[in-house]
Amino acid sequence: MIINLAENPKSITTSGYDVCIAGAGAAGITLAIYLGRAGKKVALLEGGDQEYTDQSMDIYKGNNTGIEYWGLERCRLRYLGGTTNHWAGRCKPLDDVDFMQRDFFGLPGWPINRSDLETFEKEAKVVLDIDKDFDAPDIPNWSSERFIPDRIARSAPTRFGTKFYDELEKSSHITLFINANLTDIRLDKDLSTVTEFVIKNYGNQDFRFSGKNFIIALGAIENARLLLNCDSQIKSGIGNHSDFVGRCFMEHFNVDLGMFAGNKKYLEAAGTTSFCTSSAFSLEHKIGNANVSMSVSTAPGVSGGRSKAVKKFVRDSICQWQTLSELSKKIRLLSLPWRWCYRYAY
Ligand SMILES: Cc1cc2nc3c(=O)[nH]c(=O)nc-3n(C[C@H](O)[C@H](O)[C@H](O)COP(=O)(O)OP(=O)(O)OC[C@H]3O[C@@H](n4cnc5c(N)ncnc54)[C@H](O)[C@@H]3O)c2cc1C
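Residues numbered from 1 in each chain as written. Predicted model: local features only at pLDDT ≥ 70, side-chain atom pairs only at ≥ 80, totals over all residues. Heavy atoms only, no water.

(A) Representation of helix 7 (residues 220–229) within the structure. When we look at burial in helix 7, the residues that qualify are E222, A224, L226 and L227. Of the surrounding secondary structure, the elements contacted by the buried residues of helix 7 are strand 8 (181–187) and strand 11 (211–216). (Buried < 20%, exposed > 50% of the residue type's maximum accessible area, 1.4 Å probe, protein only. Helix = DSSP H or I, 4+ residues; strand = E, 2+ residues; numbered from the N terminus. Contact = heavy atoms within 4.5 Å.)

Below is the structure:
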């Protein structure tokens, strides 16, 4: 069943759930679907609508005071399906080394091993519509002791809100609430157990959801942001007694290595290739698991994508802007290699 809290529904069930899940992106939808199939009564609470809306997206806005980062309202999507509405679908299994305690990080490592996840791999592929094995490109002589070809599988890319919409709507165990923003998490008097999710629609109407279990699945940045913001009972935010919430956030560590000229015939066969660090190399140099990718552009030419729109705009404008015609002509003749267009388009 799907209930839209923007329509101010008169009577809704807000208690008696086995699980209340906030956020209907990749994590929230997957959990709701599997718990629902197992017969659990689930409230899935999504802050956005079924489609993109500005009023939901505006809530993602924020000031970044640390290291330069993408605009907070640009890199994520705040509606049913979450960021999977524009993710790329590149999937890669984790390595043993990712779970290990590595003293140089000063962190305890994970309480689980890679092998604990293996049992879920098959099912995760079903969710992500992956029917192939994780595969490394066959590039003879390109492996070294430090870098090995990456094992990747590609999801469709699956849009979770679209793929699971019918099941969410028809399920007798799951109720999906849209326009349902988690704004506070209430704790019992010992401050040790969650008792309620405080949910608001865009009319500032309050709904209190309770159940046996509570899950926040708002995405990496927003989970931390929400916990820190839940200061009505604990000043430093929920779970932040060690000032650690959000401290392990990490983006892809992208470094442009530059352009390389190589043997055209040989490189063409390689296409876009990525390599990851070997475990031995990571451990020896005390670094995290890293990835290097190389995109081969043997024939830089005019982009059929982004520059096409610019050219059309300029061409259409020429007759109106006589005085700018000389400049327009120059831009019209502009020819950008694809990778440059890409770099400057952002
Ligand atoms: C351009 C791009 C490309 C990517 N490509 C890849 C890729 O190739 N491979 C890969 O593995 N990953 C990729 N990712 C990352 C991937 O999309 C995310 O890791 C994944 O979507 C995270 O899932 P999630 O459920 O944790 O969060 P999200 O999918 O972001 O879902 C969070 C949900 O919570 C909702 N929400 C937020 N706040 C509230 C609130 N207060 N109350 C209620 N609901 C709320 C949001 O509306 C959203 O629906 C990419 C990301 C981007 C931006």
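Now that the structure has been shown, we can carry on.
(B) Region of interest: the pattern of salt bridges. Applying the stated criterion across every chain, the model contains 14 salt bridges. Here K125 makes a salt bridge to D133, at a shortest N to O gap of 3.5 Å. For R208, the salt bridge is made with D206, and the minimal N-O distance between the two is 3.8 Å. Its relative accessible area of 39% is what places D206 among the partly exposed residues. One continuous salt-bridge network, built from bridges that share partners, spans R76, E222 and R225. (Salt bridge = Lys/Arg side-chain N within 4 Å of Asp/Glu carboxyl O.)

(C) Local environment of the site of the ligand. The environment of the ligand is made up of 28 residues, and the closest members are A27, E46, C75, T83 and R90. In the model, a nitrogen atom of the ligand is placed 2.9 Å from a nitrogen or oxygen of the G47 main chain. Here T83 contributes a side-chain N or O atom positioned 2.6 Å from an oxygen atom of the ligand. Listed by contribution, the elements that provide at least two residues to the shell around the ligand are helix 1 (26–37) and strand 8. Residues that form the shell around the ligand fall into these classes: 14 nonpolar, 10 polar and four charged. (Near = heavy atom within 4 Å. Polar contact = N/O pair within 3.5 Å; in protein donor to acceptor, adjacent residues only side chain to side chain. Nonpolar A, V, L, I, M, F, W, Y, C, P; charged D, E, K, R; others polar.)

(D) Layout of the packing of aromatic side chains. Across all of its chains, the model carries seven aromatic pairs by this definition. Ring centres 5.6 Å apart and planes at 55° place the aromatic pair F147 and F281 in the tilted group. Taken together, the residues span a long stretch of sequence, with F147 in strand 5 (residues 147–149) and F281 in helix 9 (residues 279–285) at a distance of 134 residues. Classification of F147 by relative accessible area gives partly exposed; the value is 27%. (Phe/Tyr/Trp six-rings, centres within 6.5 Å; stacked < 30°, edge-to-face > 60°.)

(E) Spatial organisation of the nonpolar core. Counting 25 residues, the largest nonpolar core has F177, I185, F197, I199 and F209 as the members making the most contacts within it. At the level of secondary structure, the elements contributing two or more residues to this core comprise strand 2 (17–22), strand 3 (42–45), strand 8, strand 9 (194–200), strand 10 (206–209) and helix 7. Counting 23 residues, the second-largest nonpolar core is a separate cluster that includes I21, I130, Y165 and I178. (Core = buried A, V, L, I, M, F, W, Y, C linked by side-chain atoms within 4.5 Å.)

(F) View of the sheet that holds strand 10. Taken in spatial order, the three strands make up an open sheet running 8-9-10, and their pairing is antiparallel. In this open sheet, the two edge strands, each paired with only one partner strand, are strand 8 and strand 10. Each strand of the sheet is rotated relative to its neighbour by a mean of 25°, with strand direction disregarded. Where strand 9 lies against strand 10, four bridges are found, and the strand directions are antiparallel. Note on strand 10: the bridge partner recorded for K200 is D206. (Pairing = 2+ DSSP bridges. Axes fitted to C-alpha atoms, helices over the stretch in contact; angles between N-to-C directions.)

(G) Geometry of the sheet that holds strand 11. Spatially, 1-7-3-2-11 is the arrangement adopted by the five strands of the open sheet, whose pairing is parallel. Each end of this open sheet is capped by a strand with a single partner; those strands are strand 1 (2–4) and strand 11. Taking the axes of each pair of neighbouring strands and ignoring which way they run, one obtains an average angle of 20° across the sheet. Against the sheet, helix 1 engages strand 2, strand 3, strand 7 (174–178) and strand 11, with an angle of about 165° to strand 3.

(H) Seen up close, the pairing of strand 9. The sheet contact formed by strand 8 and strand 9 spans six bridges and is antiparallel. Note that in strand 9 the partner of D184 across the bridge is V198. In sequence, strand 8 turns back onto strand 9 through a hairpin of six residues, with L191 there showing a positive phi of about 60°. The turn linking strand 9 back onto strand 10 is made up of five residues, and N204 within it adopts a positive phi angle of 65°.

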